[in-house]
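# Structural overview
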Amino acid sequence: MSIKWTDEELAIIEAKAEVYTVKQIASSLKRRGFYRTPVAIYLKLNSLGYSARPTLDNYSCKEIAQVLKLNFSTVSRWVGRGWLKATKRSAKHYQVRISHLKHFFDNPPQSIKKRIAALDTEAINYLLGRKA
């Protein structure tokens, strides 16, 4: 049983598509009296040409590794050890907020402080959205 999307629902998900997660969009819709599952929202976002992954305030471990020219497993290890706070997106993938990345670079663990200091500062500033 499929219920047609209203113009109001579509306006809400389009406004939030680039910034919020699917679960956050579902909660927002629910507060306004609409009931859509995260799967339904995900499918609708894809059909409208949006990514279901918010990009403005989050990075994947892979994206961080590419920008810093590190191995993916290095960044994943930082998350696994609890040094870099992240949200689990799937079985093997994590989402890291810019604020958590900033905290990590400002207060790196003692055991990898030298390695963090050796990283390209332009790349770190790029990830954190800072001006050079």
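Below, the structure is looked at part by part. (Residues numbered from 1 in each chain as written. Predicted model: local features only at pLDDT ≥ 70, side-chain atom pairs only at ≥ 80, totals over all residues. Heavy atoms only, no water.)

## Some words on the packing of helix α1 (residues 7-16) against helix α2 (residues 22-31)
The condition that has to hold: Fitting a line to C-alpha atoms yields each axis, with helices limited to the stretch in contact; the angle taken between N-to-C directions then spans 0 to 180 degrees. We count a stretch as a helix when DSSP gives it H or I for four or more residues in a row; a strand needs E for two or more, and each element gets its number in order from the N terminus. Crossing chirality is assigned from the near helix's rotation relative to the far helix, an anticlockwise turn below a right angle marking it left-handed and a clockwise turn marking it right-handed. Any two residues whose heavy atoms approach within 4.5 Å are treated as being in contact. Under this grouping Gly is polar, as are all residues other than the nonpolar Ala, Val, Leu, Ile, Met, Phe, Trp, Tyr, Cys and Pro and the charged Asp, Glu, Lys and Arg.
The interhelical angle for the contact between α1 and α2, taken along N-to-C directions, is 145°, at an axis separation of 10 Å. The chirality of how α1 crosses α2 is right-handed. Contacts between α1 and α2 involve Glu9, Ile12, Ile13 and Lys16 from the former and Ile25, Ser28 and Leu29 from the latter. Looking at the contact of α1 with α2 residue by residue, the classes come out as four nonpolar, one polar and two charged.

## Observations regarding the side chain of Ser28
Looking at the element boundaries, Ser28 is found in helix α2. In this structure, Ser28 is in contact with Ile12 and Lys16, ignoring residues within four places of it in sequence.

## Some thoughts on a nonpolar patch on the surface
Here is the rule: Surface patches are drawn from residues lacking salt bridges whose relative accessible area is over 30%; two like charges belong together within 9 Å, two nonpolar side chains (Val, Leu, Ile, Met, Phe, Trp, Tyr) within 5 Å. Accessible surface is estimated by sampling points in the Shrake-Rupley manner with a 1.4 Å probe; for residues, cover comes only from the protein chains shown. Any Lys or Arg side-chain nitrogen found within 4 Å of a carboxyl oxygen on Asp or Glu counts as a salt bridge. Burial classes: relative accessible area under 20% of the type maximum marks a residue as buried, over 50% as exposed, and values in between as partly exposed (1.4 Å probe, protein chains only).
A surface patch of nonpolar side chains, about 310 Å² in accessible area, is lined by Val39, Tyr42 and Leu43. Note on placement: Leu43 falls in helix α3 (residues 38-47). For Leu43, a relative accessible area of 51% puts it in the exposed group.

## Comments concerning the nonpolar core
Short version of the rule: Residues enter a nonpolar core if they are buried and are Ala, Val, Leu, Ile, Met, Phe, Trp, Tyr or Cys, with the set joined through side-chain atoms within 4.5 Å.
Among the nonpolar cores identified, the biggest contains 22 residues, and Ile64, Leu68, Val75, Trp78, Leu84, Leu101 and Phe105 are the most heavily contacted of them. Secondary structure elements with two or more residues in this core: α4 (61-68), α5 (72-80), α6 (98-106) and α8 (121-128). Residues Leu10, Leu29, Phe34 and Leu45 belong to the second largest nonpolar core, which totals twelve residues.

## A short note on the pairing of strand β3 (residues 94-97)
Note on strand geometry: in a regular strand, side chains alternate between the two faces of the sheet. Selection criterion: Strands are labelled as partners when DSSP assigns at least two bridges between them.
Note: strand β1 (residues 58-60) against β3, three bridges, orientation antiparallel. If you follow Asn58 over to β3, its bridge partner there is Arg97. Between strand β2 (residues 87-88) and β3, which pair antiparallel and follow one another directly, the connecting turn spans five residues.

## A look at the side chain of Glu9
For Glu9, the location among the structural elements is in helix α1. The exposure class assigned to Glu9 is buried, which follows from its relative accessible area of 3%.

## Brief notes about unusual backbone geometry
The residue Lys69 is not glycine, and still its phi comes out positive at about 55°. Of note, Lys69 is situated in the loop between α4 and α5.

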